[in-house]
Amino acid sequence: MKVAIGCDHAGLEMKNAITPLLEDLGIKWQDFGTCSSESCDYPEYGEKVSAEVSEGRMDRGILICGTGIGMSIVANKFPGVRAALCSEDYSAKMSRMHNDANILVLPGRIINSATAQDIIKIWFKTDFEGGRHQRRLDKITAIESKINKQQV
Ligand code: RB5
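Some details on the pattern of salt bridges
- Tallied over the full model, the rule gives five salt bridges.
- Note that aspartate 31 is salt-bridged to lysine 15, the shortest N-O span being 2.9 Å. With aspartate 31 in strand E2 (residues 28–31) and lysine 15 in helix H1 (residues 12–24), the pair connects residues that are 16 residues apart, well separated along the chain.
- For aspartate 100, the salt bridge identified is with arginine 82, shortest N-O distance 3.3 Å. Taken together, the residues span a long stretch of sequence, with aspartate 100 in the loop between helix H4 (89–97) and strand E5 (103–107) and arginine 82 in the loop between helix H3 (69–75) and strand E4 (83–85) at a distance of 18 residues.
- Bridged by salt links that share partners, the residues Glu52, Glu55 and Arg57 form one connected network.

Right, dumping it as structure tokens:
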């Protein structure tokens, strides 16, 4: 399992707080920035991480901004990306079981690091259930194909 991680300035503190946990969980991760507390634009870092997942170079991603909303909007533009904004355990669990989420988005200004760490533990240990949920994901993939064809 290889995980791409990224954040903007509002997510930096949380990113630094979760990387030791990824180490403890034996997860290989690569940091795509930002590594500075200077104000920056979340689409730049959202794009880097989402492209890694969308193009199959990384298995999963973690993105963090202030609310998680901007990063979610960016990530879900990428084909094959299913980004889930989670601020509690239940959504984190369901995003894996029902949505096979491959990018976890965290709101750095809304939850604390302890909550983020709990969410990460649950998100990485929960498997996709498949079955009727796979049928629904196939419908999302079909929507992506339809949109791509309209753009050609
Ligand atoms: C940055 O101030 C903030 O707008 C950003 O981190 C994020 O919350 C956007 O959705």
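Quick look at the packing of H4 against helix H5 (residues 113–125)
- Taken N-terminus to C-terminus, the directions of H4 and H5 make an angle of 20 degrees; their axes are 8 Å apart at the nearest point. Considering the angle they form, H4 stands roughly parallel to H5. Here H4 runs over H5; the crossing is right-handed. Side by side, H4 and H5 meet where Asp89, Ala92, Lys93, Ser95 and Arg96 of the first sit next to Asp118, Ile119, Ile122 and Trp123 of the second.

Thoughts on the pairing of strand E3 (residues 60–65)
- Most of E3 is tucked away: six of the six residues are buried.
- Side chains of E3 alternate between two faces, with Arg60, Ile62 and Ile64 and Gly61, Leu63 and Cys65 buried alike.
- Both strand E1 (residues 2–7) and E3 contribute to a ladder of five bridges, which runs parallel. Opposite isoleucine 5, over in E3, you have isoleucine 62 as the bridge partner.

The rules behind the values
- Residues numbered from 1 in each chain as written.
- Predicted model: local features only at pLDDT ≥ 70, side-chain atom pairs only at ≥ 80, totals over all residues.
- Heavy atoms only, no water.
- Salt bridge = Lys/Arg side-chain N within 4 Å of Asp/Glu carboxyl O.
- Helix = DSSP H or I, 4+ residues; strand = E, 2+ residues; numbered from the N terminus.
- Axes fitted to C-alpha atoms, helices over the stretch in contact; angles between N-to-C directions.
- Parallel < 35°, antiparallel > 145°, perpendicular 65-115°, else oblique.
- Left-handed = near helix turned anticlockwise from the far one by under 90°.
- Contact = heavy atoms within 4.5 Å.
- Buried < 20%, exposed > 50% of the residue type's maximum accessible area, 1.4 Å probe, protein only.
- Pairing = 2+ DSSP bridges.

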